[in-house]
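A structural walkthrough
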Amino acid sequence: MNLQVERIENHKARLTVEIESAQFESAKRKAARKISRQVNIRGFRKGKAPYSRVAKTVGEATIIEEAVDGLTQEIYRQALGDSKVDPYGPGDLEDIKLDPPTFIFTLPMRPVVDLKGFREVRVDYEAPMIDESDVDARLRQYQIQLLQVLDEEVEAAQLGHRLYIDVDSEFLDDYDREDADSAFDEDADAADTDQADVAPVAPQKGEPFVSEKDTPIILDPNEDPFVHGFVENLVDAQPGDDVVFELTIPDDDVDPTIAGRLVEFVVTINRIEAISIPELDDEFVREVSEIRNEQVTDLASLRTSLREEMEREARQQSDNEYSQQVITKIVEGADIHYPEVAVEYQIDRQLSEFKGRIEQQGLSFEDFMRFTGDSDVDLRERMHEEAVTRVERSLALDKLREELGTDVEESDIDMRHEAFNARFAREASDNEQDAVLRNFLREEVEMAHLSAKLVALGRDEDMAAAIEARRAQAALELRQALEDLASISEEPDADEATESAAETDPAEASAFDAESES
Amino acid sequence: MAELHIYDIIRRPVITEKSTLIAEAQNKYVFEVAGKANKIQIKEAVEEIFDLDGQVIKVNTMVMPAKRGRRGRNSYIRSRQWKKAVVTLEEGVTIELFNV
């Protein structure tokens, strides 16, 4: 066997394999025998006709085709082994030549990632800020959660009432493109064509601004849900009324395509309720702390606790975003080569996720495609860009995991495992399910550690310290989960607990039985 | 009686499992021939058609009986009677038609 390997574009390899004529000839004979077993040839029993008769009956080409089918797998496997090419996916038979018998395969090669100087990558970091107004907003959410309905059928809406409304709206003016363009031009000197890609699509006259069904709003001028002035227009409205009014979106709106534009609202009032929003008193603090499952007695400590929680959440979110920024920067500087088929696989995955999402909404994918008038090809094309980003990121991440090494210890997984069991009131066991779970948790811990390392890398901090911080956080989560579990098992009355526990976990139920008997 | 043309004598080669076998193993070639053709005529015709120079050693002939079928009272001929000739050639001489 004579083998030639060449690298071709698109990170693929071409294997040109020339085989011995004798090998091809014997494959042809074997193929003819196989065909003669399937085809009726006059004068011969099945499988007994000689080569020449088979060739005369079915044609030489058929025999060659059959022989190639049989040989391809064998030759490909052998050539792959000899060529030392690391394949990423199945290869294709590109061409066959008969004289001398030559097989030409192309196959995608495994991606190659060079992260270059990724250790030098730094990204500016801005710590998230939580101020008192954020805490106020969170408290306000609890107030709304705990509000009491005094009267469900109020005749006319007044400030302080809660309304259930349907909202339809449309833009009354056309988007003034020049204004917006000049706004963009201030930012960049790039070519106009580039700008067209970046500019968000502006809604045209007649297009909807917001559309909501049976949405609750509280008539409070400080809490305008859509545009300033919305709430005032609903005062004195009665159930069943259609209130129509126009409002202008403020010029300083974050979205330049809608800033300063005129919108007509049509609001249908479904129901008006008189409500009482609880004061920020001790009773409120007690109820909130019950919901939050913590021991807080006064408003100041509740505020502190909320603040800490929000800071933790904000930090976590900003760390997530930050690590994404770091990866993006690493990918930008890296040298990544991968075959197109990797993107195709990724698009397949995205497409099946997308189908899943559509079907979850109770719509069949075929119907969806009919509504949108898109073809499969259009959809794939649209997903292409995102798929490329995802492939590059995931390749870079894999390489990063390799470069930075893993420092996940069994104790890390134990901790997560215990927290998981506590959270779902599961009994620890030694079965297969647990092994799967531990694998899953290992993956999760690895990703968490990697993310922590990337955050440390981008900020030029010590990675080991970041991992320790992450471990401390996991320990905290475990403690919290255990506390929650303890408080749940303390709370319920004997009878109720037995019933509810019996539904969830037989082992726990028997524990409760034993308790009530004693 | 008008003399038979060589292509009237040799009607077709008989290519079956058995004929292929004896062609390979014994260098014997089977033909369907005219019912009235004799062994000498067959020998000459084969030598003429396949361009053989006195290399036919032996010709055996046989009349293959007609196959009859019956459907109720009626009988009919399923395949007619024909004459088969098995021509033995000298060792090393082959006929292209039977080349396997």
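Read on for an overview of the structure. Because the structure is predicted, anything quoted here is derived from the model rather than measured. (Residues numbered from 1 in each chain as written. Chains lettered and ligands numbered in written order. Predicted model: local features only at pLDDT ≥ 70, side-chain atom pairs only at ≥ 80, totals over all residues. Heavy atoms only, no water.)

Section: the pattern of salt bridges
One pass over the full model with this rule turns up 39 salt bridges over all chains. The closest approach of N and O atoms between Arg286 of chain A and Glu290 of chain A, which form a salt bridge, is 3.0 Å. In this pair, Arg286 of chain A and Glu290 of chain A are both assigned in helix 7 (residues 282-291), 4 residues apart and thus about one turn of the helix distant. We note a salt bridge from Arg80 of chain B to Glu32 of chain B, for which the minimum N-O separation is 3.0 Å. Of the two residues, Arg80 of chain B is situated in the loop between strand 5 (74-79) and strand 6 (82-89) and Glu32 of chain B in strand 2 (residues 28-33); the sequence distance between them amounts to 48 residues. Each of the salt bridges in this network shares a partner with another, and the network as a whole consists of Glu132, Asp136, Arg303, Arg307 and Glu311 of chain A. (Salt bridge = Lys/Arg side-chain N within 4 Å of Asp/Glu carboxyl O. Helix = DSSP H or I, 4+ residues; strand = E, 2+ residues; numbered from the N terminus.)

Considerations on the interface of chain B and chain A
Taken together, the contact between chain B and chain A spans 6 residues of the former and 8 residues of the latter. In this assembly, chain B and chain A are joined by 1 salt bridge. Of the charged contacts in the structure, one is a salt bridge between Arg45 of chain A and Glu17 of chain B, with a shortest N-O distance of 2.5 Å. Across the contact surface, chain B and chain A share 2 residue pairs in polar contact (both at pLDDT 80 or more). Partitioned by chemical class, the residues of the side of chain B that touches chain A number 2 nonpolar, 3 polar and 1 charged. (Contact = heavy atoms within 4.5 Å. Polar contact = N/O pair within 3.5 Å; in protein donor to acceptor, adjacent residues only side chain to side chain. Nonpolar A, V, L, I, M, F, W, Y, C, P; charged D, E, K, R; others polar.)

Topic: the nonpolar core
All names here are of chain A. Counting residues in hydrophobic clusters, the biggest one holds 39 residues, and the most contacted among them are Leu115, Val326, Ile330, Ile336, Leu400 and Leu454. Broken down by secondary-structure element, the contributors of at least two residues to this core are helix 8 (299-333), helix 9 (340-360), helix 10 (365-372), helix 11 (376-404), helix 13 (432-458) and helix 14 (463-490). When residues in this core are grouped by element, the largest group, 9 residues, is from helix 11. In this structure Leu454 touches Ser323, Val326, Ile327, Ile330, Leu397 and Leu400, once residues within four positions along its chain are discounted. Among the nonpolar cores identified, the runner-up in size contains 29 residues, and Ala32, Ile63, Phe105 and Leu107 belong to it. (Core = buried A, V, L, I, M, F, W, Y, C linked by side-chain atoms within 4.5 Å. Buried < 20%, exposed > 50% of the residue type's maximum accessible area, 1.4 Å probe, protein only.)

Digging into the sheet that holds strand 2 (residues 12-18) of chain A
Residues and elements named next belong to chain A. Reading across the sheet, the 4 strands line up as 1-2-4-3 and stay open at both edges, with antiparallel pairing between neighbours. With one partner strand each, in any of the chains shown, strand 1 (2-8) and strand 3 (92-97) form the two edges of the open sheet. Across this sheet, the average inter-strand angle for adjacent strands is 20°, counted without regard to direction. (Pairing = 2+ DSSP bridges. Axes fitted to C-alpha atoms, helices over the stretch in contact; angles between N-to-C directions.)

Section: empty space enclosed by the protein
Residue and element names in this part refer to chain A. The full count for this structure, using the stated rule, is 1 cavity of 30 Å³ or more. Here the largest cavity is characterised by a volume of approximately 60 Å³. The wall of the largest cavity is formed by Asp412, Met415, Arg416, Val445, Ala448, His449, Arg470, Arg471 and Ala474. Class assignment for the residues of the lining of the largest cavity results in 4 nonpolar, 1 polar and 4 charged. (1 Å grid on protein atoms, 1.4 Å probe; cavity = no way out; pocket = protein on both sides within 12 Å on 5 of 7 lines; lining within 4 Å. Points joined across faces, edges and corners; volume = space filled by probe spheres on them.)

Observations concerning the side chain of Glu32 of chain B
Taking relative accessible area as the criterion, Glu32 of chain B reaches 4% and is therefore assigned buried. Glu32 of chain B has contacts with Ile9, Ile10, Arg11, Arg12, Val14, Arg80, Trp82 and Lys83 of chain B, leaving out every residue within four places of it along the chain.

Considerations on the layout of surface pockets
Residue and element names in this part refer to chain A. By volume, the largest pocket amounts to about 830 Å³. Taken together, 24 residues line the largest pocket, and the ones lying closest to its centre are Arg292, Asn293, Glu294, Gln480 and Asp484. Those elements that place two or more of their residues in the lining of the largest pocket are helix 7, helix 8 and helix 14. Element by element, the count of residues in the lining of the largest pocket is highest for helix 14, at 9 residues.

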